[in-house]
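# Tertiary structure, described
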Amino acid sequence: MSWAILSAGLLVFLGSGAVLGAALGLTGFILLHFQAGGASALAINSAWNLLTEFTLSAVPLFIFLGDILLASGVSTRVYNGLTPLFRRIPGQLLHTNIAVCTLFGAVSGSSTSTAAAIGSVGYPELSRRGYSPSMVVGTLAAGGTLGLLIPPSLALLIYGATQNVSIGKLFLAGMLPGLLIAMAFFAWIMVRSSLGSSVSPPREDSMDWGAVGRGLLEVWPLPILIFFVLGTIYMGIATPTEAAALGVAASIVLGLTWGDLDLEKLWEAFKHASMMFGAIAMILIGTVILSQAVSLLGLPRAAVDAIAGIGLDRYGILLMIVLVYLLLGCFFDGISLLLMTLPITFPMVTSLGFDPVWFGVIVTLLMEIGMITPPVGLNLFVLCSITRNEVTLPDAARASLPYWMILLAAVGIFTVFPELILWLPNLL
Amino acid sequence: MTGLVLVSTLMRYLAGSPIGFSDELSGLLFLSLSFLSLPHVLNTSQHIRIDMLVRTFSPRLAVAADIFANAIFVAFAGIFAYEAWDFMVFSLQIGSRSEISGVLLWPWMALMPLSMLLCILIIVRNGLQGLSGRDAASSEEGLS
Amino acid sequence: DVRTLKFHSGLAESRPEAAYLERFSELVDEYSDGQLQVDVYHAGSLGLKEVDMLRIMQRGMVDMALMYGEYYNRDAPEMASIYAQGAITEAEQHLDILPTLRKLYREGYADWGVHTVGGVVAPVFDVGLHCKEPVNTLEGLRDKKVRVWSGHLVDTFDRLGISAQVIPQNDMYLALQTGVVDCAYYLSTVAKTVSLQEVTDYEAYLHPWAASPWMFGVSDRTWNSLDEQQQEILTRAGEQIWQETRDKAVDPEREAEAREEREAMGITVLPAFSDEDVQTFVDAAWEAWHEMASEAGDEGIRYYDTVTGELQSDSQ
Ligand code: NA
Ligand code: NA
């Protein structure tokens, strides 16, 4: 019955073109009230908890940071500077999205902040330069997920702490798969840019090394910003939220001195950023209410319990678990899904003789897939908001499909060759 | 708007002296920013919707879908405001304070129902304007 | 027909206490011939947060929960001041004060519409300082940043001139790795479950864990919907778990084995903090405890006076 209400509610409410957050939230309210014995008050607790939790508080700051860089022209000059370097590679500046996301993933534990941080600068700059908007969103959605796998990773931390697995080993285990998947993303961008309809501006055949040199001279603010945002976290001076605030301060100084920022533009940037963030907040509220309802009803556990009873062999059960994660990935993402399912899937999988560290990476990959699986995919929502709905949710989902398949293929490959994951941690 | 200015000042304060401000405060500011910006986003229709299905509808059906979509929002915001009001009043009664800095919580909680009520008012106002606009359009059609 | 109760627990399944919840569920199943089932959802997998549990239980939004007084500082600060770290310096003291604690919590939860049926007496683990450098004196901690788990502990260390901050367990590993803090005040016995040995090299014992008992709460709404026989079964099973865990709560052998295991993992176990340092810490902890209790109002002071009065008369 709960599953029926869930599917019907989402189908009808989302299909009617209602505000996404309201459609998700109302479905959650209905489930809480009718299926969970009148527990709709719980929705407020979960919305309050999510929005006062400091893990997310870096998101609006990063969006604000992006808007300041944009308004001051700093990001335009940086991207102009990078253009000559990427001139001959198919896909050109699209690769910067993946590269910067990988770098950012190395300090951020969350994939949503990664997508928000890189997207708020990368999207406007690239779409203005004639790159296909949906292609840009696809690379950002994919790149964002790397934040969860490349250490430090919130998902691996929570996996390690709840299941008593070495967090250090998990971090080491995530590194190589994260880089391999980034490589696969690069490769796909090159393939897609060389074939089919045009997704990037025309390419030039000759390399103008003079332009490359002059361009790179324009890029100098980048290392400064990277120091403020990434360096301070590495050196233990700042938490991610504080680093984001430092980055905002640094970008204001850069914009006022080197760019053409003034108070009026700063105010505009602030207004723009808070609007964008408001759209994201609405979705966060709806998502958390729906997740609360589904988890209170114990639906994920029911799904996993169901497959335990079928009676399959080792790989059959693993396959079913992957399928259940893909199904649940339609409605959830990230940490909530992890907490709800691990108490059952972890003992199942490890009792079949799979390595606990290996499963940590696999389950993180499945979380990443959930982040970009519609209808409830937080990274997709955040990116649609950043494009101000120029790229709609279905477009974004379609654009992410190739990366979704790469991630899924990675699950398969790492199952056949577990050494790819375990080699590095086992050196320890 | 005043709220936005207030938050902006606080944000600049954050940006200016970030080290040492408590995670708790940034969480409460995050919450305030979220709820303060909701009505504004609604007012400028920048909320994300999935309209691929609706775009295939006939005009008459599209109007029906639009009314239904607004009804969904009002229902959601109404229930949320009701429950959030309850949540806030209860916290006021027992005098809940934040864990570390000991800040009284109910004024922050009050933002939740107020924001949602404001959203409902905006929908109702836009709906009335839409109706009168549609009436005007049809009466103009009738004239021509 | 079979009645199934949902039981929320915020403890990770890897914690030793969590196994007793499954045991409770088995006992209920056995006593009721399968007619009453308790489904335990570990690690907060029902999506519920500890700080909300009093409100959630009051409205009966979940049937049962593992209640822990120190979590409810926001809604019931007086409950958080029933017991505090530094209250005891010998593990046996915990068993002496336990009946009083149980009575106070039972009354406190009842005010929130929560009926209690026994629970898990938390094992009295060692609490120590886990540092990147060798530190086993309060003096040595003065120039260190320390991670603690509650506001009361921040206040206590503050009174000793040591800078401490609350960092949630999930963020502790990274905070130590990146140097946001130099030391963690943590339950040494279970330090392995959060991989502390990977980010700290030294530990020094400070005092036994003054652990509030984990009580099995049943929301009144659920309790009143059960028949007398079902109520009796829950009470009997809960009481049995209480007795079993009480008997095992103080176990020097367990602590010694865990310590050896940590040493085998490369941790250097330093000599414990001196008696003098412990006394200084305890004095500061009691002052901070008193202040926390007075902020919580008359009820908080009543709890504080009851528990400290009894602790003092026991030690005389
Ligand atoms: Na990361
Ligand atoms: Na999803």
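The model shown is predicted, which means the values in this text are computed figures rather than measured ones. (Residues numbered from 1 in each chain as written. Chains lettered and ligands numbered in written order. Predicted model: local features only at pLDDT ≥ 70, side-chain atom pairs only at ≥ 80, totals over all residues. Heavy atoms only, no water.)

### A look at the interface of chain A and chain B
- In this assembly, 58 residues from chain A lie in contact with 52 residues from chain B.
- Buried surface at the junction of chain A and chain B, summed over both partners, amounts to about 4900 Å²; 80% is from carbon and sulfur atoms.
- At the junction of chain A and chain B, the tally comes to 0 salt bridges.
- Joining chain A to chain B, the criterion identifies 1 residue pair in polar contact (both at pLDDT 80 or more).
- Those elements that provide at least two residues to the side of chain A that touches chain B are helix 1 (2-15), helix 2 (20-35), helix 3 (42-52), helix 4 (58-71), helix 13 (240-257), helix 14 (263-296), helix 19 (378-386) and helix 20 (393-416) of chain A.
- Grouping the amino acids of the side of chain A that touches chain B by side-chain chemistry returns 40 nonpolar, 15 polar and 3 charged. (Contact = heavy atoms within 4.5 Å. Buried area = accessible area lost by both parts, 1.4 Å probe. Salt bridge = Lys/Arg side-chain N within 4 Å of Asp/Glu carboxyl O. Polar contact = N/O pair within 3.5 Å; in protein donor to acceptor, adjacent residues only side chain to side chain. Helix = DSSP H or I, 4+ residues; strand = E, 2+ residues; numbered from the N terminus. Nonpolar A, V, L, I, M, F, W, Y, C, P; charged D, E, K, R; others polar.)

### Focus on a negative patch on the surface
Residues and elements named next belong to chain C.
- On the surface, Glu13, Glu22, Glu26, Asp29, Glu30 and Asp33 cluster together into a patch of negative charge.
- Relative to the helices and strands, Glu30 resides in helix 1 (residues 18-31).
- Judged by its relative accessible area of 52%, Glu30 falls in the exposed class. (Patch = residues over 30% accessible without salt bridge, like charges linked within 9 Å, V, L, I, M, F, W, Y side chains within 5 Å. Areas by Shrake-Rupley, 256 points an atom, 1.4 Å probe, with all protein chains shown as cover. Lys, Arg positive; Asp, Glu negative; His and termini not counted. Charge placed at Lys NZ, Arg CZ, Asp CG, Glu CD. Buried < 20%, exposed > 50% of the residue type's maximum accessible area, 1.4 Å probe, protein only.)

### Brief notes about the interface of chain A and chain C
- On the chain C side, the residues contacting the 36 residues of chain A number 34 residues.
- Connecting chain A to chain C are 0 salt bridges.
- The interface formed by chain A and chain C contains 8 residue pairs in polar contact (both at pLDDT 80 or more).
- Contributions of two or more residues to the side of chain A that touches chain C are made by helix 3, helix 9 (154-163), helix 10 (167-194), helix 12 (221-234), helix 14 and helix 17 (335-351) of chain A.
- The element that contributes the greatest number of residues to the side of chain A that touches chain C is helix 9 of chain A, accounting for 6 residues.
- Split by residue class, the side of chain A that touches chain C holds 20 nonpolar, 13 polar and 3 charged.

### Describing helix 9 (residues 228-249) of chain C
Residues and elements named next belong to chain C.
- Between its first and last C-alpha atoms helix 9 spans 31 Å; for 22 residues at 1.5 Å apiece the expected length is 32 Å, and the two agree.
- If you check which residues of helix 9 are buried, you get Gln230, Gln231, Ile233, Leu234, Ala237, Gly238, Ile241, Trp242, Glu244, Thr245 and Ala249.
- Two to three positions downstream of the cap, the backbone nitrogen of Gln229 sits 3.1 Å from a side-chain oxygen, assigning the N-cap of helix 9 to Asp227. (Expected span 1.5 Å × (residues − 1).)

### Thoughts on the pairing of strand 6 (residues 145-148) of chain C
Residues and elements named next belong to chain C.
- Of the strand pairs in this sheet, strand 6 and strand 7 (residues 163-166) are connected by 4 bridges, and their pairing is parallel. Each bridged residue has a counterpart across the sheet, and for Arg147 the counterpart in strand 7 is Gln165.
- With helix 6 (residues 151-159) bridging strand 6 and its parallel neighbour strand 7, the resulting β-α-β unit is right-handed.
- With 2 bridges joining them, strand 6 and strand 8 (residues 183-187) adopt parallel strand pairing. Bridge pairing links Arg147 to Ala184 in strand 8. (Pairing = 2+ DSSP bridges. Right-handed = clockwise from strand over helix to strand, strands pointing away.)

### Here's the deal with the nonpolar core
- Counting 299 residues, the largest nonpolar core has Phe80 of chain B together with Leu234 of chain C as the members making the most contacts within it.
- With 18 residues, the single largest contributor to this core is helix 14 of chain A.
- Those residues in contact with Phe80 of chain B, other than ones at most four positions away along the chain, are Phe29, Ile44, Ala47, Ile285 and Ile289 of chain A together with Phe35, Met112 and Met116 of chain B. (Core = buried A, V, L, I, M, F, W, Y, C linked by side-chain atoms within 4.5 Å.)

### Notes on a nonpolar patch on the surface
- A cluster of nonpolar side chains, Leu11 and Val12 of chain A together with Phe68 of chain B, forms an exposed patch at the surface whose accessible area comes to about 300 Å².
- What makes Val12 of chain A partly exposed here is its relative accessible area of 44%.

### As for the state of the cysteines
All names here are of chain C.
- Evaluation of the coordinates by the stated rule reveals 1 disulfide over all chains.
- Here Cys131 is linked by a disulfide to Cys183, with a sulfur-sulfur distance of 2.1 Å. What sets the handedness of the Cys131 and Cys183 disulfide is the S-S torsion sign, and at about 110° it is right-handed. Placement of the pair is Cys131 in strand 5 (residues 126-131) and Cys183 in strand 8, with a sequence separation of 52 residues. Each member of the pair, Cys131 as well as Cys183, is classed as buried. (Disulfide = S-S within 2.5 Å.)

### Some words on the domain arrangement of chain B
All names here are of chain B.
- For chain B, the domain assignment lists domain 1 (1-34) and domain 2 (45-144).
- Across the contact, 5 residues belong to domain 1 and 9 residues belong to domain 2.
- Interface of domain 1 and domain 2: buried area, both sides summed, is about 570 Å²; carbon and sulfur atoms make up 72% of it.
- Taken together, the connections running from domain 1 to domain 2 amount to 0 salt bridges.
- In this assembly, domain 1 and domain 2 are joined by 0 residue pairs in polar contact (both at pLDDT 80 or more).
- When the residues that make up the side of domain 1 that touches domain 2 are grouped by side-chain class, the tally is 3 nonpolar, 1 polar and 1 charged. (Domains from an automatic or database assignment.)

### Observations regarding the pattern of salt bridges
Residue and element names in this part refer to chain C.
- Scanning the entire structure with this criterion turns up 24 salt bridges over all chains.
- Taking the shortest distance from any N to any O, the salt bridge between Glu239 and Arg102 comes out at 2.8 Å. Placement of the pair is Glu239 in helix 9 and Arg102 in helix 4 (residues 91-111), with a sequence separation of 137 residues.
- The exposure class assigned to Glu239 is partly exposed, which follows from its relative accessible area of 29%.

### Points about the sheet that holds strand 1 (residues 3-8) of chain C
Residue and element names in this part refer to chain C.
- Within the open sheet, the 5 strands sit side by side as 2-1-3-10-4. Their pairing is mixed. With one partner strand each, in any of the chains shown, strand 2 (36-41) and strand 4 (114-120) form the two edges of the open sheet. Taken over all neighbouring pairs, the strand axes of this sheet differ in orientation by 30° on average, direction set aside.
- Bridging between strand 1 and strand 2 involves 6 bridges; their strand directions are parallel. Of the residues in strand 2, the one forming a bridge with His8 is Tyr41.
- Of the strands in this sheet, strand 1, strand 2, strand 3 (64-67), strand 4 and strand 10 (214-219) are in contact with helix 1, which crosses strand 2 at around 165°.
- Lying over the sheet, helix 9 contacts strand 1, strand 2, strand 3, strand 4 and strand 10, oriented at roughly 35° with respect to strand 4. (Axes fitted to C-alpha atoms, helices over the stretch in contact; angles between N-to-C directions.)

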